[in-house]
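Analysis of the macromolecular model
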Amino acid sequence: MGNAEVRGVVVPVITPVDDAGDVDEAAFRKAIRRLIDHRVHAIFVGGSAGEGPLLTAAQWQRMAEIAISEVRSEVPLLGGVMETSARRSCEKIKALKGLGYRHVVLTPTYYVAVRAASEHLRLFGEAKEAAADMELIAYNIPQCTGSSLAA
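Here goes a summary of the coordinates provided.

Cut-offs used in this document
Residues numbered from 1 in each chain as written. Predicted model: local features only at pLDDT ≥ 70, side-chain atom pairs only at ≥ 80, totals over all residues. Heavy atoms only, no water. Helix = DSSP H or I, 4+ residues; strand = E, 2+ residues; numbered from the N terminus. Buried < 20%, exposed > 50% of the residue type's maximum accessible area, 1.4 Å probe, protein only. Contact = heavy atoms within 4.5 Å. Pairing = 2+ DSSP bridges. Axes fitted to C-alpha atoms, helices over the stretch in contact; angles between N-to-C directions.

Our focus in this paragraph is the overall build of the protein chain. When you go through the protein chain residue by residue, the secondary structure sums to 5 helices and 5 strands. With 151 residues in all, the protein chain has 41% of them scored as buried. Sequence separation of 24 or more characterises 73% of the internal contacts of the protein chain that already satisfy a separation of 6 or more.

Our next topic: the sheet that holds strand β3 (residues 77-81). Spatial strand order, β1-β2-β3-β4-β5: 5 strands in an open sheet with parallel pairing. Of all strands in the sheet, those bounded by a partner on one side alone are β1 (10-12) and β5 (135-138). Looking at each pair of strands side by side, their axes are set apart by 25° on average, direction ignored. Of the pairings in the sheet, the one linking β3 to strand β4 (residues 103-106) comprises 4 bridges and is parallel in character. Each residue of the ladder has a partner; that of Leu78, found in β4, is His103. The sheet contacts of helix α3 (residues 86-99) involve β3 and β4, and relative to β3 the element is tilted by about 155°.

Moving on to unusual backbone geometry. With phi around 65°, Ser73 is a residue other than glycine that occupies positive phi space. You can see Ser73 is positioned in the loop between α2 (57-71) and β3. The exposed category is assigned to Ser73, whose relative accessible area is 59%. A positive phi angle, close to 55°, is found at Ala132, a residue other than glycine. Here Ala132 lies in the loop between α4 (117-131) and β5.

Function cannot be inferred from these measures alone, as they are strictly geometric.
In structure tokens, the structure reads:
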């Protein structure tokens, strides 16, 4: 799936959790299936709406596994990578790549706001190297990251 295929209605999916705070697999699969059945053009998991930054590493990994197994290449699947450092972002990118994701959505790192455009370039450069042939999509969401990507 090329980047040209990511178009139209791209839905950020909320990651349902159970009473223990773990990913509710049945509810997550049901939400994804409903979106596919209603013909959305692409699905975005692990973003801020999907609680990606709030999940533990194991929960995030499980969320990513469930999503790719449920989507089964029926529509483009975008995996969100929102982290506090370039190194952690790259680890998540490599995990998505290992699962078979073709698209990764990357925000500037958060917690410590990046003020220099050169830092954004470094982050995205490292991320692109980790992503290799994956499509890397920059996501500018300054209200969550504390920094804004320059055009």
